[in-house]
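# Fold and geometry: a report
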Amino acid sequence: MSTFSPSPATRTTAAPGDLAPAPRDLDGRAIATLRMLAVDMVESARSGHPGLPLGAAPAAWILWSRFLRHDPVSPDWPDRDRFVLSAGHGSALLYALLHLCGYHVPLEELRQFRQWGSRTPGHPEHGHTPGVEMTTGPLGQGLGHAVGMALAERMLAARLNTPGHTVLDHRTWVLASDGDLMEGVSHEAGSLAGHLGLGKLTVIFDDNNMTIDGPAAQSCSDDVLTRFASYGWHTIEVGDGNDLRALTEAYREASAEGDRPSLIAVRTTLGYGSPTLAGTNTVHGAPLGADEVAALRERFGWPDRPFVTPPEVAGYCGHITERGRAAHGKWQAVREEWAALHPELAAEWERALARRLPAGTAARLPEFPHGASTATRTASGQTLAAVGPVLPELVGGSADLAGSTKTTIPGTRPVARHDFGGRTLNFGIREHGMAAVLGGMALHGGLRPYGSTFLVFSDYLRPSLRLAALMRLPVVYVFTHDSIAVGEDGPTHQPIEHIESLRLIPGLTVLRPADANETAACWRMALENTGGPTALILTRQDVPVLPNAPTGRWSRTAPGRCGTARGCRTSLSPLRDPRSPWHWPPRSCSPKTVLRPAWCRCPGGSGSGTGSTRGAPPSRPTARRCGSRPDPPPGGTRSPGPGTAWSDWTTSARARPGRS
């Protein structure tokens, strides 16, 4: 472990607890600008968290002005460094950095902090504000997702970089708080990062020893540096968060470390500079108030008006923008040379970045003969084996259940320390960490990640799954062992409420195929769903392959007027003989037609509210959503509730306990 002790001669501001003199040097002025912009945002909104920006501004400034490689003009540059504010409550600091460094976050947006419709929401939101790499706020998630970003960088670098041309070589930086490191996901993801040796990942720990309820020491006495060293991390300690030279040396040392991720513990003071609130939990999540702000301006020698950026600070930040643009231009020249020498590899990467499937993917989906009987988890594994060879970006694994979830693509090797060219990810018994890493990989771009576990254990990863839905990330979750028919494991492994609880998550597509052919179709739907995550709910026990089941084809329709907010939707529709009364969709279908089964009781449904089963397919209903409660089709054992997919009907064969 490296330790950088406070060096009074190199401080640009006073040590914690001292009066903060007016900064005279450029770095000091820039840091004061960040601090005061953050304070002004919180005061303007009368809501927010000023404590972290006041304490962590020097650490953030040195990173962004000296080390972070980014281009504000092109925030989606593939080889940019990633910066994740895991402590998302400190969003005012991030918005101030984005504003000063030239991102499209003008001063007016800072004035609209936490207001409806602004680009500066209370917590950072991916896809909403330029330069925000991910949605943060739930503590620990930023760190967990950053592990996925760093892993994606290493995996893609192993595939794309060639002798003489390096097209991917960037770092992932995280600013994390005490709360981030207390959350369990930080343990799971941190352990995995150390195991894999993700040397391009650096976590800056804002060590202010303060939580909402008071000193962190009253609830946590972990030795954080020893803990992360035991994971295999490189650890550094900076004794004074205002010591710019020590911060610079720590970042330089972390950047030189190639075989281990780095944790830099930076001792800071929450609410630094506030005359009466610094170092207290009061300053964490409330405006300072007019008197405290006035005293703070006096101590920093700051003008008595809000949202001030000194011209010399703005000028220097302009140089940072130009430096990033130049780095991007240099990379672009290398990429063009590389693409000319490796056109197929370049085209494959561009396709993966755009989340496009290669031509002919659907044709590779397996078909299963009527009369056979197979578990849908087995059909899922066969589908992965079929499409895996044409989808090199499809990578994933399981939380130590690959043999049960059937999620290993045949012929692929595992990702390992110093060997990132594989496709199989061994997450270990870390469901929450797995889901966070998958989300980070999807955020990075260029890979299509999937992960798996038993359905009953989806509870362990729900926070990361919910974030994937919020960020509209195309992650695929494979949940097997979907019913009480799990043999002798008993109630701890029997999912009862899990499917419906997953359906409650907005933005998550939940698919529970009835047989093997629907499983193949559901995998195609999941791969084509680039606007959000998909959960595949699969059986352990064998189920019969139904007649006229879809073979990788389906139709979709617009929402209908229904008793539920979502309305009727076609999820899967067998394409039957057009001459048959069971043909779906009807020959008279138009793009705006709402398709409903004959037994639908919704207004305007073909059942006209009578619950009639006239016209229902003889074997099962078409797989779709509806808000009504129809009479069960032949062989059905129960009625679905509102919002339940028609494919969730359980036949007497499937519902029979003891099948394996």
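Parameters and conventions
Residues numbered from 1 in each chain as written. Predicted model: local features only at pLDDT ≥ 70, side-chain atom pairs only at ≥ 80, totals over all residues. Heavy atoms only, no water. Phe/Tyr/Trp six-rings, centres within 6.5 Å; stacked < 30°, edge-to-face > 60°. Buried < 20%, exposed > 50% of the residue type's maximum accessible area, 1.4 Å probe, protein only. Lys NZ or Arg CZ within 6 Å of the ring centre and 35° of its normal. Pairing = 2+ DSSP bridges. Helix = DSSP H or I, 4+ residues; strand = E, 2+ residues; numbered from the N terminus. Axes fitted to C-alpha atoms, helices over the stretch in contact; angles between N-to-C directions. Contact = heavy atoms within 4.5 Å. Arc of directions from axis to C-beta. Core = buried A, V, L, I, M, F, W, Y, C linked by side-chain atoms within 4.5 Å. Expected span 1.5 Å × (residues − 1). Polar contact = N/O pair within 3.5 Å; in protein donor to acceptor, adjacent residues only side chain to side chain.

Moving on: the packing of aromatic side chains. Tallied over the full model, the rule gives 15 aromatic pairs. Taken together, a centroid distance of 6.1 Å and an interplanar angle of 10° make the contact between Tyr 477 and Phe 479 stacked. Residue Tyr 477 shares its accessibility class with Phe 479, and that shared class is buried. It is Arg 171 that lies over the ring of Trp 173; its NZ or CZ is 5.6 Å from the centre.

Pairing is parallel across the open sheet formed by six strands, whose spatial order is S1-S7-S8-S4-S3-S2. In this open sheet, the two strands that pair with only one neighbour each are strand S1 (2–4) and strand S2 (82–85). For this sheet the average axis-to-axis angle between neighbouring strands, irrespective of direction, equals 15°. Here helix H8 (residues 224–231) sits on the sheet and contacts strand S4 (201–207), strand S7 (234–238) and strand S8 (262–267); the angle it forms with S7, its principal contact strand, is near 160°.

Let us look at H8. Within H8 the residues assigned to the buried category are Val 224, Leu 225, Arg 227, Phe 228 and Tyr 231. Burial along H8 is one-sided: seen end-on, the buried residues are contained in an arc of 160°. Buried residues belonging to H8 abut helix H6 (178–182), helix H7 (184–196), S4, S7 and S8. Following H8 by one or two positions, Gly 232 adopts a phi angle in the positive range, close to 100°.

By size, the foremost hydrophobic cluster in this structure holds 71 residues, and its most contacted members are Leu 151, Met 155, Met 441, Phe 479 and Leu 502. Apart from the residues lying within four places of it in its own chain, the contact partners of Met 155 are Val 395, Val 415, Phe 420, Gly 422, Leu 425, Met 441 and Leu 447.

A separate point is the pairing of strand S10 (residues 394–398). When you tally the buried positions in S10, you get five out of five residues, the bulk of the element. When S10 meets strand S12 (residues 448–454), the two strands line up parallel, connected through five bridges. Bridging across to S12, Gly 396 finds its partner in Tyr 450.

What follows deals with helix H15 (residues 431–444). The end-to-end C-alpha distance of H15 is 20 Å, a good match for the 20 Å that 14 residues give at a rise of 1.5 Å each. In terms of burial, H15 is a largely internal element, 14 of the 14 residues being buried.

With parallel pairing, the six strands of this open sheet are ordered in space as S11-S10-S12-S13-S15-S14. Of all the strands in the sheet, just strand S11 (424–426) and strand S14 (509–511) have a single pairing partner and so form its edges. Between one strand axis and the next, the sheet turns by 20° as a mean value, whatever way the strands run. Bridge count between S10 and S11: three bridges; the pairing is parallel. Its bridge partner being in S11, Gly 396 is matched across the sheet by Thr 424.

Here the focus is the environment of Gln 382. Its place among the elements puts Gln 382 in helix H13 (residues 376–387). Judged by its relative accessible area of 38%, Gln 382 falls in the partly exposed class. As a C-alpha pair, Gln 382 and Pro 366 span 16 residues in sequence and 7.3 Å in three-dimensional space. Those residues in contact with Gln 382 that sit more than four places away from it in its chain are Pro 366 and Phe 368.

Glancing now at the environment of Ser 219. Mapped onto the elements of the fold, Ser 219 is located in the loop between strand S6 (214–215) and H8. Measuring from C-alpha to C-alpha, the distance between Ser 219 and Met 182 comes to 9.7 Å, with 37 residues separating the pair along the chain.

Take the side chain of Glu 393 next. Mapped onto the elements of the fold, Glu 393 is located in the loop between H13 and S10. Separated by 2.8 Å, the side chains of Glu 393 and Arg 351 make a polar contact. Excluding residues within four positions of it along the chain, Glu 393 makes contact with Arg 159, Glu 348, Arg 351, Ala 352, Arg 356, Gly 446, Leu 447 and Arg 448.

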